[in-house]
Amino acid sequence: MKMVQMKSLKTRFFLFFAGLGVLIALGVGTVMYVQYAAYIKDTYLSTLTQAVTLAERQIPALYDSEYLAAQAEEASDEMFAMNKQLLDIVESLGITYLYYLQRFGNEYRFVLSDVITRDNTEELLMVYSIDDTPLFGQSIQARSLQFDDAPYTDEWGTFIGASLPIVKNGEILGILAADYDMSFVIALQQRAQLALVISLILAIVLSLALALTVSSSLI
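(A) Here's a closer look at the overall build of the protein chain. Helix and strand counts for the protein chain come out as 5 helices and 7 strands. Listing every helix and strand of the protein chain by position from the N terminus yields α-α-α-β-β-β-α-β-β-β-β-α. Summed over all atoms, the accessible surface of the protein chain reaches about 12,900 Å², with 60% contributed by carbon and sulfur.

Spelled out as structure tokens, the structure:
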């Protein structure tokens, strides 16, 4: 009878310590993963913010619609110089696209982009419907910098976008937008998830071993 009670007590101790170890491992692992994911998100959102704010400061012509439209229509040296400024920002910050859509009546058109060069003017003055991108409408309504709530995927990859309306005297002149390629971020998150799973498995195994040792020593 005493032997049965001891085995029952040992089982209870084992289950208690095993459960405690698993809960601690799961809690610590989850907190670390959440903090890591938040750090990654803060990093790419900060990068997008830097990109659009730098472009806004370095290119005052964004607030001179007539001048900017004239330079784009002439495909002038000044326009290509502004595009080069956008390209420099893209390369220095590691984002993917940085461009400006100028308001043109009830529509918007490309007048500046990091990909527009003398050898590639396909996007120049291309009309763009902001209805195709909810983020643009959201930023125009809020009249402030806005980000995509979640990554979006198109034929060029998976991205997170930022949209900053250019406003002068209460009038929307255009949209300064940037895109960040999320492929590297997604790979980081997948590796972090794999590391978390492996760590939890090891922690559970260690918890079971320690629980068995502790319960036996207590008995």
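(B) Highlighting the pairing of strand 1 (residues 97-104). Two strands pair when backbone bridges link them, and strand 1 and strand 7 (residues 171-181) are joined in this way by 6 bridges, in the antiparallel orientation. Bridge pairing links Gln102 to Gly174 in strand 7. In terms of strand pairing, strand 1 meets strand 2 (residues 107-113) through 6 bridges, oriented antiparallel. The residue of strand 2 that forms the bridge with Tyr100 is Leu112. In sequence, strand 1 turns back onto strand 2 through a hairpin of 2 residues, with Gly105 there showing a positive phi of about 70 degrees.

(C) Representation of the pairing of strand 7 within the structure. Among the 11 residues in strand 7, 9 count as buried, and that is most of the element. As consecutive antiparallel partners, strand 6 (residues 157-168) and strand 7 are separated by 2 residues, and within that stretch Asn169 has a phi angle of approximately 55 degrees, a positive value.

(D) Structural detail: the environment of Ala177. The topology assignment puts Ala177 in strand 7. Spatially, the C-alpha atom of Ala177 lies 8.0 Å from that of Tyr97, the residues being 80 residues apart in sequence. Setting aside chain neighbours within four positions, we find Ala177 in contact with Val52, Tyr97, Leu98, Tyr99, Phe136, Ala162 and Ser163.

(E) View of the nonpolar core. If you look at the biggest cluster of nonpolar residues, it comprises 34 residues, and the most contacted ones within it are Leu62, Leu68, Ile95, Leu98, Tyr100, Leu112 and Leu176. Elements that contribute at least two residues to this core include exactly helix 1 (2-58), helix 2 (65-74), helix 3 (77-93), strand 1, strand 2, strand 6 and strand 7. In terms of residues, this core owes the most to one element, helix 1, which gives 7 residues.

Thresholds applied
Residues numbered from 1 in each chain as written. Predicted model: local features only at pLDDT ≥ 70, side-chain atom pairs only at ≥ 80, totals over all residues. Heavy atoms only, no water. Helix = DSSP H or I, 4+ residues; strand = E, 2+ residues; numbered from the N terminus. Areas by Shrake-Rupley, 256 points an atom, 1.4 Å probe, with all protein chains shown as cover. Pairing = 2+ DSSP bridges. Buried < 20%, exposed > 50% of the residue type's maximum accessible area, 1.4 Å probe, protein only. Contact = heavy atoms within 4.5 Å. Core = buried A, V, L, I, M, F, W, Y, C linked by side-chain atoms within 4.5 Å.

Shape is all these values report; function is a separate question.
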